[in-house]
Amino acid sequence: MVEVTMAYRGVAPRLGNDDFVAPTARIIGDVEIGADSSVWFGCTVRADVNFIRIGARTNIQDGCVIHVDSKRHPTIVGNNVTIGHMALIHACTIESGAFVGMNATIMDSAVVASGAMVAAGALVTPGKRVPDGEVWAGQPARYHRSLTDQERADLLDTVDRYVALARSYRQDTVRTTEFR
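On a predicted model such as this, the values are computed, not experimentally measured, just so you know. (Residues numbered from 1 in each chain as written. Predicted model: local features only at pLDDT ≥ 70, side-chain atom pairs only at ≥ 80, totals over all residues. Heavy atoms only, no water.)

The subject of this paragraph is the pairing of strand 19 (residues 142-146). Taken together, the four bridges between strand 18 (residues 134-137) and strand 19 define a ladder with antiparallel strand orientation. Counterpart to Ala 137 in the pairing with strand 19 is Arg 142. Taking the residues between adjacent antiparallel strands as the criterion, strand 18 and strand 19 are bridged by four residues, where Gly 138 takes a positive phi near 100°. (Pairing = 2+ DSSP bridges. Helix = DSSP H or I, 4+ residues; strand = E, 2+ residues; numbered from the N terminus.)

This is the structure we're talking about:
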């Protein structure tokens, strides 16, 4: 079995009950992940110079990188968060119920509020706050529009679908081949 976690300076990651971590993901150092969360293929979650906290029922999709800033800014990700494929999350806060689109970048000390959406490809610059109920897009990201009621409902639906998908991966037998 491939080891997906690695201690750094004596601090090992702590995973929640029923988490799914793909065999090609790497979780390093002072990382804590809540129950029913998932970290998908090719992700790196590295807390070597500060800490990372990821809540319950949060999905970190394929190819994401989550890191911290030395001593000033940890990375905090709340419960029921979706972070889309290839996103870069660096030394920021993503509150519970937020959504970060594919290939988006959230930089140091930025905050994505609960119920906010960062569009695919957006760049949230240092110190910016994306308010609840708003969609921010562009590079640099700025207010684009308000979320509809249906989009707000879809945010939780996406979380539910990823929790179910992670359960199916945990239950299935996966065969791996070692290359030498």
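After presenting the structure, the write-up continues.
Another point: the pairing of strand 18. Direction of pairing for strand 15 (residues 117-118) relative to strand 18: parallel, over a ladder of two bridges. Within the sheet, the bridge partner assigned to Val 118 lies in strand 18 and is Trp 136.

Further remarks concern the side chain of Thr 158. Within the secondary structure, Thr 158 is located in helix 1 (residues 149-171). Classification of Thr 158 as buried rests on a relative accessible area of 13%. Engagement of the side chain of Thr 158 in a polar contact is seen with the side chain of Arg 161, the distance being 3.2 Å. Look past the residues within four positions of Thr 158 in its chain and what remains in contact with it is Asn 59 and Thr 82. (Buried < 20%, exposed > 50% of the residue type's maximum accessible area, 1.4 Å probe, protein only. Polar contact = N/O pair within 3.5 Å; in protein donor to acceptor, adjacent residues only side chain to side chain. Contact = heavy atoms within 4.5 Å.)

Looking at where Ser 146 falls in the secondary structure, it is placed in strand 19. For the pair formed by Ser 146 and Glu 3, sequence separation is 143 residues and the distance between their alpha carbons is 42 Å. Not counting chain neighbours up to four residues away, the residues in contact with Ser 146 comprise Gly 133, Glu 134 and Glu 151.

So, on to helix 1. Taking 1.5 Å of rise per residue, 23 residues should cover 33 Å, and helix 1 covers 34 Å from first to last C-alpha, within 8% of that figure. Residues of helix 1 that are buried: Glu 151, Leu 155, Thr 158, Val 159, Tyr 162, Val 163 and Ala 166. (Expected span 1.5 Å × (residues − 1).)

What follows deals with the nonpolar core. If you look at the biggest cluster of nonpolar residues, it comprises 36 residues, and the most contacted ones within it are Val 39, Ile 83, Ile 89, Ile 94 and Ile 106. Every element with two or more residues in this core is listed here: strand 3 (26-33) and strand 5 (44-54). Residues within four places of Val 39 in sequence aside, it is in contact with Phe 20, Val 21, Ala 22, Ala 25, Ile 27, Ile 33, Val 45 and Ile 60. One finds Phe 20, Ala 22, Trp 40 and Ala 166 within the second-largest nonpolar core, a separate group that totals five residues. (Core = buried A, V, L, I, M, F, W, Y, C linked by side-chain atoms within 4.5 Å.)

Moving on to the environment of Ala 110. Positionally, Ala 110 belongs in the loop between strand 13 (105-106) and strand 14 (111-112). By relative accessible area, which is 0% here, Ala 110 ends up buried. Along the chain, Ala 110 and Val 124 lie 14 residues apart, while their C-alpha atoms are 7.0 Å from each other. Ignoring sequence-local partners within four residues, the contact set of Ala 110 consists of Cys 92, Thr 93, Val 124, Thr 125, Gly 127 and Lys 128.

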